[in-house]
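Each chain, written out:
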Amino acid sequence: PSNVFATFNLLAKHPSCGISFANGDNKITTTTSRGSVPSTLGFNSGKYYFEFDVVTAAQDGRWEIGIQPFANVAASDATNSNNRMIGLSGYNGYVYYNGSSINNFYNTVGGFTSFTGIIGVAVDLDSSTKTIAFSRDGAWITGQNATDTNFSNALKVDITSSVADYDYWHFGVGTGNGSGTAGVGQANFGDGTFGTASVSSAGTNASSNGIFEYDCPSGYTALSTKGLNL
């Protein structure tokens, strides 16, 4: 094939993590065991965007989404000092790395507790200051309980020192839910589908590589074999 999009890597989850997979490894169902799963493709440069549709919120919104070195090495939160995801916590809207908050970000306990919808993630590893930004149903988070559809106003968290800890990074989604409701989510890495359904109204897409529900920020692209070589 001329272009292969990333999927979730079912071989890379921690053995005791209860995540299950469907729809070409783009749909995941979490249980009440902690852990995460990375994308099949990794990157050490470039600007990438992907979308994750939260179909069923986990207990207290305790999902985590962002980028991770690779697999979980411990059956615990993806963002802790063992697993090292740079990720947004759905519980309180903070961005965590190495077990600590690196930015209070959305800063709203309960802001994602019952949220169902699409979270967008934009990662820039090309600029001198490496950044990660998140959107909520197409509106970029700009700070405490605030959003804006204009990406130039997005709060781009400085992750320069964090990404320097590892050579390669992967998009990843996990759960810090230890009890209660399991979660269900579907990724769109650029193939234009969530589970078995096509996106309802495609946005504009960087470099003509990938189909997303919302606008892909200018200069960003899908994580795919073509995207890695742009």
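What this report covers is the structure whose coordinates are included nearby. Throughout this description, residue numbers start from 1 for each chain and increase along the sequence as written. The model is predicted, so local features are restricted to residues of pLDDT at least 70 and side-chain atom pairs to those at 80 or more, both for listing and for counting; the totals for chains, interfaces and linings are taken over all residues. Based on all heavy atoms of the structure, the side-chain values leave hydrogens and waters out of the count.

Notes on the side chain of Thr-175
Applicable threshold: For the purposes of this entry, the term helix denotes a DSSP run of H or I that reaches at least four residues, the term strand denotes a run of E that reaches at least two, and both are numbered from the N terminus. A simple rule labels every residue: compare its accessible area, found with a 1.4 Å probe on the protein chains alone, to the largest value its type can have, and call it buried under 20%, exposed over 50%, or partly exposed in between. Polar contact criterion, stated in full: a pair of N or O atoms within 3.5 Å, where within protein one must be able to donate a hydrogen and the other to accept it, and residues adjacent in sequence count only if both atoms are side-chain atoms.
Turning to its location among the elements, Thr-175 is positioned in strand β14 (residues 170-175). For Thr-175, a relative accessible area of 1% gives the class buried. A polar contact of 3.2 Å, which involves the side chain of Thr-175, links it to the backbone oxygen of Arg-62.

A short note on the packing of aromatic side chains
Applied cut-off: In this analysis, rings of Phe, Tyr and Trp, with Trp reduced to its six-membered ring, are considered paired at centre separations within 6.5 Å, and the interplanar angle assigns stacked below 30 degrees, edge-to-face beyond 60, and tilted for intermediate values. Two limits define a charge over a ring: the Lys NZ or Arg CZ must be within 6 Å of the ring centre, and within 35 degrees of the ring normal.
Inspection of the entire model under this criterion finds 17 aromatic pairs. On the numbers, 5.6 Å between centres and 85 degrees between planes, the contact of Phe-112 with Phe-115 is edge-to-face. Both residues of the pair, Phe-112 and Phe-115, count as buried. These aromatic residues form a ring-pair network of at least three members: Phe-8, Phe-43, Tyr-48, Phe-50, Phe-52, Phe-171 and Phe-189. Over the face of the ring belonging to Tyr-91 we find Arg-62, whose NZ or CZ atom lies 3.9 Å from the ring centre. The ring of Phe-151 has Lys-156 lying over it, and the distance from NZ or CZ to the ring centre is 4.4 Å.

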